[in-house]
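# Structural overview for review
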Amino acid sequence: MAKIFQVTARAGMTRVVEPIARALLRAGVSPNAVTVTGTVGVLVGALGFGARGHLVAGALIVTVFALTDLLDGTMARMSGGSTRFGAFLDSSMDRVADSAVFGAVAYWLATEHDYSGVAAALICLAAGGLVSYVKARAEGLGMTCNVGIAERTERLLIVGVGGLLTGLGVRHALEIALWLLAAVSIFTVGQRMAHVYRQAQRVGAE
Ligand SMILES: CCCCCCCC/C=C\CCCCCCCC(=O)OC[C@H](COP(=O)(O)O[C@@H]1[C@H](O)[C@H](OP(=O)(O)O)[C@@H](O)[C@H](O)[C@H]1O)OC(=O)CCCCCCC/C=C\CCCCCCCC
Ligand SMILES: Nc1ccn([C@@H]2O[C@H](COP(=O)(O)O)[C@@H](O)[C@H]2O)c(=O)n1
Ligand SMILES: [Mg+2]
Ligand SMILES: [Mg+2]
């Protein structure tokens, strides 16, 4: 289901992303520059706005810059220049951006004395990192791990909707979103570990 959502959403975004990617390449901008700029933008939105309680502005800025994650890969593919370093940089910057988002949310909730929300945000931070780590480790061992109900896009969307609603005055929306996200992130870690276990069993039996 998550995969169907991602594929459909991505296909929908392609028409918007491709002309921008072409224009940036023509202007001499590199995919790596877009990767780094997108991350800096997320940091500004999360730490400069979200952490200080400007949730609507923070969510909107993070959304705009998080979406540039679709641009860098498109630019790399268009220029025939997908690189191993680019793939490494993209994934590493995703972890920096995600940490900033959940760190900012935890910080803001702490200033509001919402310690249940802080706990949920910290679980999301740790579990989200684990979701990605399990995949990276599996791929490093030559296996695949492209599964799970709460991949990065879903995680950002859930915290984004929660942050936006709370910013617009819906009390507890962010806290509820964070507890939901904590649960689905932990479930995703389990899904990915089970997937790797089955592959390792098959490989071991060969
Ligand atoms: C403002 C919030 C209100 C909500 C409105 C949101 C409107 C957003 C508009 C449209 C959504 C479109 C969704 C686009 C769907 C893109 C589908 C897709 O394919 O995404 C994948 C794409 C590329 O991923 P990568 O391959 O580059 O990255 C991989 C990923 O990191 C893996 O991680 P893992 O899943 O394993 O954890 C790694 O394992 C892998 O190595 C790596 O390669 O990437 C994206 O992730 C793009 C995400 C864009 C989604 C943006 C939505 C943002 C919504 C809200 C964010 C707001 C945050 C709120 C902050 C609150 C502050 C108070
Ligand atoms: N600076 C970059 C960023 C990405 N790539 C390549 O694109 C793939 C990811 O594509 P997305 O559309 O999901 O961002 C990545 O695995 C790399 O192959 C790149 O070369 N340089
Ligand atoms: Mg990308
Ligand atoms: Mg990325």
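Residues numbered from 1 in each chain as written. Chains lettered and ligands numbered in written order. Predicted model: local features only at pLDDT ≥ 70, side-chain atom pairs only at ≥ 80, totals over all residues. Heavy atoms only, no water.

Look at the UniProt record and you will see "binding site: a CDP-1,2-diacyl-sn-glycerol" (unreviewed entry) annotated at Asn 32, Ala 33, Val 34, Thr 35, Gly 73, Arg 77 and Thr 83. Its relative accessible area of 33% is what places Ala 33 among the partly exposed residues. Examined against the element boundaries, Gly 73 turns out to sit in helix H4 (residues 69–78). (UniProt positions renumbered as here; feature names shortened; annotations may be inferred. Buried < 20%, exposed > 50% of the residue type's maximum accessible area, 1.4 Å probe, protein only. Helix = DSSP H or I, 4+ residues; strand = E, 2+ residues; numbered from the N terminus.)

Summarising the metal site, the magnesium ion (ligand 3) is bound by the protein donors Asp 69 (O), Asp 69 (OD), Asp 72 (OD) and Asp 90 (OD), whose distances to it range over 2.0 to 2.3 Å. We note that the donor set of the magnesium ion (ligand 3) lies within a single chain, spaced as D-x2-D-x17-D. Here the magnesium ion (ligand 3) and the magnesium ion (ligand 4) are spaced 3.5 Å apart, linked through Asp 69, which binds each one. Here Asp 90 lies in helix H5 (residues 84–111) and Asp 69 lies in helix H4, a separation of 21 residues in the sequence. A residue is classified by how much of its surface remains accessible, and Asp 69, at 22% relative accessible area, is partly exposed. Residue Asp 90 is classed as buried on the basis of its relative accessible area, which comes to 16%. (Donors = N, O, S within 2.8 Å, 3.2 Å for Na, K, Ca; no water.)

For ligand 2, the set of nearby residues contains 15 residues, the closest of which are Arg 10, Asn 32, Thr 35, Asp 69 and Thr 83. Taking Thr 35, its side chain carries an N or O atom lying 2.9 Å from a nitrogen atom of ligand 2. A distance of 3.0 Å is found between an oxygen atom of ligand 2 and a side-chain nitrogen or oxygen belonging to Asp 90. Here ligand 2 has 460 Å² of accessible area as a free molecule, and 80% of this is covered by the chains. Those elements that provide at least two residues to the shell around ligand 2 are helix H2 (31–49), H4 and H5. Here the shell around ligand 2 gets 6 residues from one element, more than from any other, and that element is H4. (Near = heavy atom within 4 Å. Polar contact = N/O pair within 3.5 Å; in protein donor to acceptor, adjacent residues only side chain to side chain. Areas by Shrake-Rupley, 256 points an atom, 1.4 Å probe, with all protein chains shown as cover.)

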